[in-house]
Amino acid sequence: MEDIIHIDWTLFYLINTSLKNVFFDQIMPIMRERNTWIPFYMIILFFTFYKFSLPKASLITIGLILTIVSTDFISSQVIKKAVKRLRPCQTHLYKMDNRDSLVHCGNGYSFPSSHAANHFALAFYMIFTGMIRRKFLIGFFIIWASTISFAQVYVGLHYPFDILAGMIFGTLMALLFGAFTKRALHILKI
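Report follows, based on the coordinates. (Residues numbered from 1 in each chain as written. Predicted model: local features only at pLDDT ≥ 70, side-chain atom pairs only at ≥ 80, totals over all residues. Heavy atoms only, no water.)

**Re the packing of aromatic side chains**
Right, on to step 1. Under the counting rule described, the total for this entry stands at 18 aromatic pairs.
Right, on to step 2. Ring geometry for Phe23 against Phe24: centres 6.0 Å apart, planes inclined by 45°, an arrangement best described as tilted.
Right, on to step 3. Accessibility expressed as a relative area gives 57% for Phe23, which makes it exposed.
Right, on to step 4. The ring centre of Tyr154 lies 4.5 Å from the NZ or CZ of Lys20, which sits over that ring. (Phe/Tyr/Trp six-rings, centres within 6.5 Å; stacked < 30°, edge-to-face > 60°. Buried < 20%, exposed > 50% of the residue type's maximum accessible area, 1.4 Å probe, protein only. Lys NZ or Arg CZ within 6 Å of the ring centre and 35° of its normal.)

**Things to note about the pattern of salt bridges**
Right, on to step 1. Evaluated as defined, the whole model comprises four salt bridges.
Right, on to step 2. The residue Asp8 makes a salt bridge to Arg85 at a minimum N-O spacing of 2.8 Å. In this pair, Asp8 sits in helix α1 (residues 2–18) while Arg85 sits in the loop between α4 (54–83) and α5 (92–96), placing the two residues 77 residues apart along the sequence.
Right, on to step 3. With relative accessibility at 1%, the residue Asp8 sits in the buried group.
Right, on to step 4. One salt bridge connects Arg85 with Asp162, and the closest N-O pair in it is separated by 2.8 Å. With Arg85 in the loop between α4 and α5 and Asp162 in helix α8 (residues 160–187), the pair connects residues that are 77 residues apart, well separated along the chain.
Right, on to step 5. Take Asp162: its relative accessible area is 0%, and that puts it in the buried class.
Right, on to step 6. A single network of salt bridges, built from pairs that share partners, joins Asp8, Arg85 and Asp162. (Salt bridge = Lys/Arg side-chain N within 4 Å of Asp/Glu carboxyl O. Helix = DSSP H or I, 4+ residues; strand = E, 2+ residues; numbered from the N terminus.)

What follows is the structure, encoded as structure tokens:
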């Protein structure tokens, strides 16, 4: 376990320190901010109701909302509170290096990253339910979720393994809720 923690800290240090640059210092705090993406979420909602019939779009949207709410609740209220891993910016090693976090550190726990879980859940729900099928859109959504996740490490709020766990958890939740949604669409013949 110590080896895993050492690898995680080393990767964190590489991303959070060695990759530092003026451009990332400006863009990464914006990338990880949830409010930044509200217009994008509205476009996804508009696209869903434009592309599909009203009953199908409604069911897909309900499934998407349930996916995100469940993923966020389980990751932030269940797993984080059970694991109780401190954020990197809360540790003495981080403070000893006299580093300032690019965003408010907060007092929540670190494992898993809810940002990573939620954005991967959204991206993969859209893929699993067939909302997006074109390869370039699939690639775009995976890169989008990955960039938001990377930003969490860059600004000092999460370790890389927090992100990896969030990505896996979010993808599994998307698979689960995507399967339920597809089954419901099939049963209702929508």
